[in-house]
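Structural features, examined
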Amino acid sequence: MIHETVIIHKSAEIAKDVDIGPYTVIGENSLIKSGTKIGSNTLIENSEIGEDCQISNHASIGTIPQDLKFKGELTKLFIGPNCKIREFVTLNRGTSASGKTVIGSNCLFMAYSHVAHDCIIGNDVILANAATLGGHVEISDNAVLGGLAGVHQFCRIGRLAMIAGGSIVTQDVLPFTQVQGDRAKTRGLNLVGIRRHHMIREALEEIKEAYKILFLSGIPIQEALDQLEATNPRPEVKEMIDFIHSSKRGICRSASKEVVEEEI
């Protein structure tokens, strides 16, 4: 059901079974797919929203980037199916740099969280209350950002990584790890997240050994990478190696050895 007070731009396309609450505005170049429910007083524009999403009241979806270089060019926000977007969330569309902001499926954005322009977010990602992403951030599948966490522009968050609440991330976060602090330091592996996703024991043990070589051995990072690559590692460790090789901002370094050893 679409409430009688809803305003819909003539260019918008809305599936027949979409629910839209009072005083919401669906702006131009918007596509809302089947099964999606939208609360009251929400603004959606220049967005493609997948099936069965739930958008709470007072969210701002596909709004213009908070980037002084933006000159009104036509860009878009893409949201996959089954995402939950809570109250006062802001999701900005892209700039001319990439033309789009992309969010995968089954993501949860808690109240007041923010995704800036040109971000790429994978599947099953969680941003807790007031977590904030700068522009061009990339987040891989199953990563979790705690409340009030902030991620600097152009940083990458690896798969199954955990960002503790209140952390300020200014470098890339390695897959399977957890970081904490200002500026965020790696404090060990995200063992809770890894186990929840039923990773086989052999893979977890090899990740632990790789972590020790990379962060606790004291050898230079390139030497550590060479050592790992020589072992014909499992895909999970190869994922860590490739992530480091492709990093442009560098990796969040480890906290003290004593602290980290307790968390792997």
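Reference entry: report on the structure contained in this document. Since the structure is predicted, the reported quantities are computational estimates derived from the model, not experimental observations.

Among the secondary structure elements, Ser105 is positioned in the loop between strand S14 (100–103) and strand S15 (108–109). Here Ser105 is in contact with Gly80, Pro81, Cys83, Gly122, Asn123 and Asp124, once residues within four sequence places are set aside.

This part takes up the packing of aromatic side chains. The relative placement of two aromatic rings is captured by the distance of their centres and the angle of their planes. Applying the stated criterion to the full structure yields 2 aromatic pairs. Between Phe88 and Tyr112, the aromatic rings sit 5.1 Å apart at their centres with planes inclined by 10°, giving stacked as the arrangement. Placement of Phe88 in the loop between strand S12 (84–85) and strand S13 (90–92) and of Tyr112 in the loop between S15 and strand S16 (114–115) is noted, with a sequence separation of 24 residues between them. Assessed through its relative accessible area of 35%, Phe88 is described here as partly exposed. Given a relative accessible area of 53%, Tyr112 falls into the exposed group. We note Arg156 situated over the ring of Phe243; from NZ or CZ to the ring centre the distance is 4.0 Å.

This part is about the packing of helix H2 (residues 201–216) against helix H4 (residues 235–245). As a packed pair, H2 and H4 sit with axes 8 Å apart at the nearest point and diverge in direction by 35°. Between H2 and H4, the residues in contact are Ala203, Glu206, Ile207, Ala210 and Leu214 and Glu236, Val237, Met240 and Ile244, respectively. Class assignment for the residues of the contact of H2 with H4 results in 7 nonpolar, no polar and 2 charged.

Our next topic: the pairing of strand S10 (residues 60–63). Bridge count for strand S7 (residues 43–44) against S10 is 2 bridges, and the pairing is parallel. Within S10, the residue paired with Ile44 across the bridge is Ile61. Sheet topology note: the S10/S13 ladder contains 3 bridges and is parallel. Each residue of the ladder has a partner; that of Thr63, found in S13, is Asn92.

Generally speaking, nonpolar side chains in soluble globular proteins are found buried as a group. Formed by 44 residues in total, the largest nonpolar core has its most connected members in Ile79, Leu91, Phe109 and Leu133. Beyond its immediate sequence surroundings of up to four residues, Ile79 is in contact with Glu48, Ile49, Gly50, Cys53, Ile61, Ile85, Leu91, Ile103 and Gly104. Counting residues in hydrophobic clusters, the runner-up holds 25 residues, among them Leu160, Leu191, Met199 and Ala210.

Conventions and cut-offs
- Within any chain, residue numbers begin from 1 and follow the written order of that chain's sequence.
- Thresholds applied to this predicted model are a pLDDT of at least 70 for local features of residues and 80 or more for the giving and counting of side-chain atom pairs; totals over whole chains, interfaces and linings are not thresholded and use all residues.
- Heavy atoms throughout the structure, all of them, feed into the side-chain values; hydrogens and water do not.
- Segments assigned H or I by DSSP are reported as helices when at least four residues long, segments assigned E as strands when at least two residues long, and all are numbered from the N terminus.
- Residue contacts follow a heavy-atom distance rule, with two residues in contact if any of their heavy atoms lie within 4.5 Å.
- We call Phe, Tyr and Trp rings a pair once their centres come within 6.5 Å, taking the six-membered ring for Trp, and we label the pair stacked below 30 degrees between planes, edge-to-face above 60, and tilted otherwise.
- Each residue is assigned to one of three classes by its accessible area relative to the maximum for its type, calculated with a 1.4 Å probe on protein chains only: buried under 20%, partly exposed between the two thresholds, exposed over 50%.
- A ring is scored as having a charge over it whenever the NZ atom of a lysine or the CZ atom of an arginine sits within 6 Å of its centre and within 35 degrees of its normal.
- Interaxial angles span 0 to 180 degrees and are taken between N-to-C directions of axes, which are lines fitted to C-alpha atoms, for helices over the stretch in contact.
- When residues are grouped by polarity, Ala, Val, Leu, Ile, Met, Phe, Trp, Tyr, Cys and Pro land in nonpolar, Asp, Glu, Lys and Arg in charged, and all others, Gly among them, in polar.
- What makes two strands pair is DSSP finding at least two bridges between them.
- Joining through side-chain atoms within 4.5 Å is the link that ties buried Ala, Val, Leu, Ile, Met, Phe, Trp, Tyr and Cys residues into a set, and such a set is a nonpolar core.

Such coordinate-based values are descriptive only and should not be taken to indicate function.
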